[in-house]
Amino acid sequence: MITELGHFALILAALTALVQAIIPLIGAHKQWPRWMAVAEPAAGIQFLLTAFSFAALTYAFVVSDFSLRLVSLNSHSLKPMLYKISGTWGNHEGSMLLWVLILTLFGAMLAWFGGNLPPSLKARALAVQAAIACAFFAFILFTSNPFLRLAVPPFDGEGLNPLLQDPGLAFHPPFLYLGYVGLSMAFSFAVAALLEGRVDAAWARWVRPWTLAAWIFLTIGIALGSWWAYYELGWGGFWFWDPVENASFMPWLLAAALLHSAIVVEKREVLKSWTILLAILAFGFSLIGTFIVRSGVITSVHAFANDPERGVFILVILAVFMGGALTLFAARASVMEAKGLFGVVSRESMLVMNNVLLAVACLVVFVGTIWPLVSELLFDRKLSVGPPFFNLAFTPFMVLLGLIMPIGAMTPWKRGKIYNALRQLLPAFVLALALMGLVWAMQSGRSLLGPVGVFLGVWMICGSAVDIMSKTGRGTMTSRIGRMWRLPRADWGKAVAHGGLGVTIFGIAGLMAWEQDDIRVARIGQTFTVGAYELTLNDVKDVQGPNYIATTADVVLSQNGEVISLLRPEKRVYPVSGMPTTEAAIDYRFLRDVYVVIGDAQAGGGYTVRTYIKPFTNWIWAGALLMALGGALSLSDRRYRVAAGARNTATSRVPAE
Amino acid sequence: MMRLLLILCVLAAPVWAVQPDEVLNDPALEARARALSKDLRCLVCRNESIDESNAELARDLRILVRERLVEGDSDPQVIDYVVARYGEFVLLRPLSGGSNMVLWLTGPAAFFIVLLFAAIYVRRRSSTGSQAAIELSSDEQKRLTEILKD
């Protein structure tokens, strides 16, 4: 019964979206306030209906209602409760429902908190948002309906893919979708602005918090996914340049570019048409990502529901929205004349450079991702594009970005003298150079990766510190530090996020340059040495888990005879799917991780044991968290809270809750 | 077809990446084998190198690579040997010849073209750029200053 209500609510939500996509648009065009006002209650109702529908599906998973096709295919009565709930979005249909739930959530947030927007801009943005929702409601209802019943319910379900039975599933997809789908707001605002025919500083100020929020969520989502892959897949890779990962990375790059170009529009009223284009493309890449993940045209390790019919549907959605928006852009871009002038050396031109690098980096990732497909279709060459390509073709742009970032961050607006910024940054540069030389001298190999990573990391982190100190003016150190805490949060956000990127780059370079591994057969009781550590395989025994059987090893990790920790790597077999998984045991430390995996029992006695020493791995995710934190600090800056609408004008209405 | 491949991967699963019995005694040779393995694709898997893959076929390829190295092949010779048998698809680092020029040159070419456009744009805005004269109406100006005030 609840299932049918959920299904019905979903259909009603689709109809509401249809109304919301049409009526306010006509209203905004004809300047009819009542027609425009339809958007706000409709957005609220749409969200509540979708939320109810999603709750109904979650309920079906929680009570293991196997008469529902989706539940019987993806769940099992013995599964722990956490995975019954998170299993709701651990499959194609459920995750699509989560996708639109978040889409409608953003629409509702705009309706409820966008009180200070001009009514016609708001009505148009909400209408565009609803049009996207319409397309995806149709996609769910016609190709991926989660509410289909089975005539003969099975006795038990087929279970969830064991790789997905991890707390990571509970957090990674929701964050990722909040980011992906959040970019729809930038898109809706961009299209609404094109329809309005004007883009100004105020527009940039409205659109920037939404983009920033989406970018923060995307950052956290990608970092969580990468960490999940690191501990779950059994050999400690953190990024595979897999099409599905690239699908989330491309919107991230463009969203980062958009954040920066929106600052230029906000402060200086230039780069308007470029910013609009970025807003359209950023969401376009979200849609491309959805297509890549769900169509199966490009093979990926993250196999999802692959169905050509669904792929075609998403491709049509993509074509309609991107085609429509870009046509509109081509017709209207000339209206958006730039206002400000700036010198060749200025913050503006530095931010242009930032955008050039991020956009080209995104293009490289895009071409690399689709090249196997293009090559096979056009040139009849079946080939692969893997990590070696991306490492080579993508990295130079990030190195350049890292090099200019501290300088760009300190160059004044309009017509700057770069000399002043360079003078202040000189100590950071010298320190970074000195540490690079030290590392170069210390390491045995001739790899450039480590030294360059150290240089960039130190340069970017210290550069951010110099940036924040430079804002405190003159005076004694104590008075400057006192002033430092009273700086606007946006300044802190910028410094923290920039420093975070430095931390991540350093972590990646350190891990790739100095990783050590060891593969061997160890007998019980045997001690062996890996790098500076001794490991002892104490015991191996079988343990019964809630829905799996595990082979658990006791490994003692010690250094110079002192015990550091006891590690318990596991190998699990899930009888329902017959699939094995590895659960690596990781000793996380500030400077390095020790990562131990237990393998099979060997015919001659003993077990395969794999040990990796991974320096600075945590820095990768710590840096990502710092970037997200920096974004959050910026988002909480007073000027956005003011702009986010405490004001109630005659045109804004009480939310329909 | 995809499903079959997946099943193959799953069936072959309890073998985990590089096995101790595959490792060569000569550390220099083993290091070369590991480096080569990272550039070769496991053919039955989804986008994994044979160094990471658990499939039986990946194991065969790893052993093949090591056999060639023990025979005294140079790195390019090993790669050629594998490509001759399994095709270009096996390479995770695509060749740069022919149509793949497009792939490899996209980044640098796009960078210089975009940079050129950006330079032209910046120059125009820094010198004679026309001061646009779209003024806000007084009402909008008032709203804007109110918002900008903080």
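Residues numbered from 1 in each chain as written. Chains lettered and ligands numbered in written order. Predicted model: local features only at pLDDT ≥ 70, side-chain atom pairs only at ≥ 80, totals over all residues.

**Structural notes on the overall build of chain A**
A tally of regular secondary structure across chain A gives 20 helices and ten strands. Since a compact globule built from 657 residues should have a radius of gyration of about 26 Å, the 27 Å found for chain A is in line with a globular shape. Each principal axis of the C-alpha distribution contributes one length, and for chain A these read about 85 × 75 × 55 Å. Here the contacts in chain A between residues at least 6 apart in sequence split such that 75% fall between residues at least 24 apart. (Helix = DSSP H or I, 4+ residues; strand = E, 2+ residues; numbered from the N terminus. Rg over C-alpha atoms; globule rule 2.2 N^0.38 Å. Contact = placed C-beta atoms within 7 Å.)

**Focus: the overall build of chain B**
Secondary structure summary: chain B contains six helices and zero strands in total. Overall, chain B shows an N-to-C arrangement of helices and strands of α-α-α-α-α-α. Within the span of chain B, comprising 150 residues, buried residues form 28% of the whole. Within chain B, contacts between residues separated by at least 24 positions form 56% of all contacts whose residues are at least 6 apart in sequence. (Buried ≥ 20, exposed ≤ 12 C-beta atoms within 10 Å, placed from the backbone.)

**Overview of the environment of Pro94(B)**
Structurally, Pro94(B) is set in the loop between α4 (75-86) and α5 (100-126). On the basis of neighbour count, Pro94(B) is assigned to the buried category, with 22 C-beta atoms found within 10 Å. A sequence separation of ten residues divides Pro94(B) from Trp104(B), and the C-alpha atoms of the two residues are 8.9 Å apart. Setting aside residues no more than four positions away along its own chain, Pro94(B) makes contact with Leu383(A), Ser384(A), Val385(A), Phe389(A), Asn100(B) and Leu103(B).

**Examining the pairing of strand β7 (residues 579-583) of chain A**
Residues and elements named next belong to chain A. By the criterion of burial, β7 is predominantly enclosed, with four of the five residues buried. Bridge count between strand β6 (residues 570-574) and β7: five bridges; the pairing is antiparallel. Residue pairing across strands places Tyr574 opposite Met579, the latter belonging to β7. From the end of β6 to the start of β7, which pair antiparallel, there are four residues, and Gly578 there has a positive phi angle of about 70 degrees. (Pairing = 2+ DSSP bridges.)

**Comments concerning the sheet that holds strand β8 (residues 585-588) of chain A**
All names here are of chain A. Spatially, four strands are ordered β1-β10-β9-β8 in an open sheet, and the strand pairing comes out antiparallel. This sheet does not close on itself; its edge strands, each paired only once, are β1 (516-522) and β8. The average angle at which neighbouring strand axes cross in this sheet is 15 degrees, direction not considered. In the sheet, β1 pairs with strand β10 (residues 607-615) via seven bridges, with the strands oriented antiparallel. Counted as the bridge partner of Ala522 is Tyr607 from β10. (Axes fitted to C-alpha atoms, helices over the stretch in contact; angles between N-to-C directions.)

**Section: the nonpolar core**
Residues and elements named next belong to chain A. Ranked by internal contacts, the top residues of the largest apolar core, which has 199 residues, are Ala186, Leu254, Ala255, Ala279 and Ala282. Of the residues forming this core, the biggest block, 18 residues, is contributed by helix α9 (residues 201-232). Those residues in contact with Ala186, other than ones at most four positions away along the chain, are Val207, Trp210, Thr211, Leu258, Ala279, Ala282 and Phe283. One finds Val521, Ala553, Ala584 and Val596 within the second-largest nonpolar core, a separate group that totals 18 residues. (Core = buried A, V, L, I, M, F, W, Y, C linked by C-beta atoms within 7 Å.)

**Quick notes on unusual backbone geometry**
Most peptide bonds are trans, and most residues other than glycine sit at a negative phi. Residues and elements named next belong to chain A. A positive phi is found at Ser64, a non-glycine position, where the angle reads about 50 degrees. Relative to the helices and strands, Ser64 resides in the loop between α3 (39-62) and α4 (69-74). Accessibility expressed as a C-beta count within 10 Å gives 17 for Ser64, which makes it partly exposed. The residue Trp241 is not glycine, and still its phi comes out positive at about 55 degrees. For Trp241, the location among the structural elements is in the loop between α9 and α10 (243-268).

**Here we look at the confidence of the model for chain A**
Detailed reading of the predicted model is not advised wherever pLDDT is low. Residues and elements named next belong to chain A. For chain A, per-residue confidence averages 88 on the pLDDT scale, and residues scoring 70 or more make up 95% of the total. Per-residue pLDDT, averaged within each element of chain A, yields its smallest value for helix α20 (residues 638-643) (62) and its largest for α3 (95). Throughout residues 643-657 the model reports pLDDT below 50, and contacts reaching past four residues in sequence, or to other chains, amount to 27 contacts. (pLDDT = per-residue confidence, 0-100.)

**Points about helix α6 (residues 92-113) of chain A**
Spanning 22 residues, α6(A) covers 31 Å between terminal C-alpha atoms, matching the ideal 32 Å at 1.5 Å per step. Burial analysis of α6(A) places 18 of its 22 residues in the buried class, the great majority of the element. (Expected span 1.5 Å × (residues − 1).)

**Observations regarding the environment of Ala33(B)**
Residues and elements named next belong to chain B. Inspection of the secondary structure puts Ala33 in helix α2 (residues 27-38). For Ala33 and Tyr121, which are 88 residues apart along the polypeptide, the C-alpha to C-alpha distance reads 50 Å. Other than its neighbours up to four places away in sequence, Ala33 contacts Leu24, Val65, Arg66 and Leu69.

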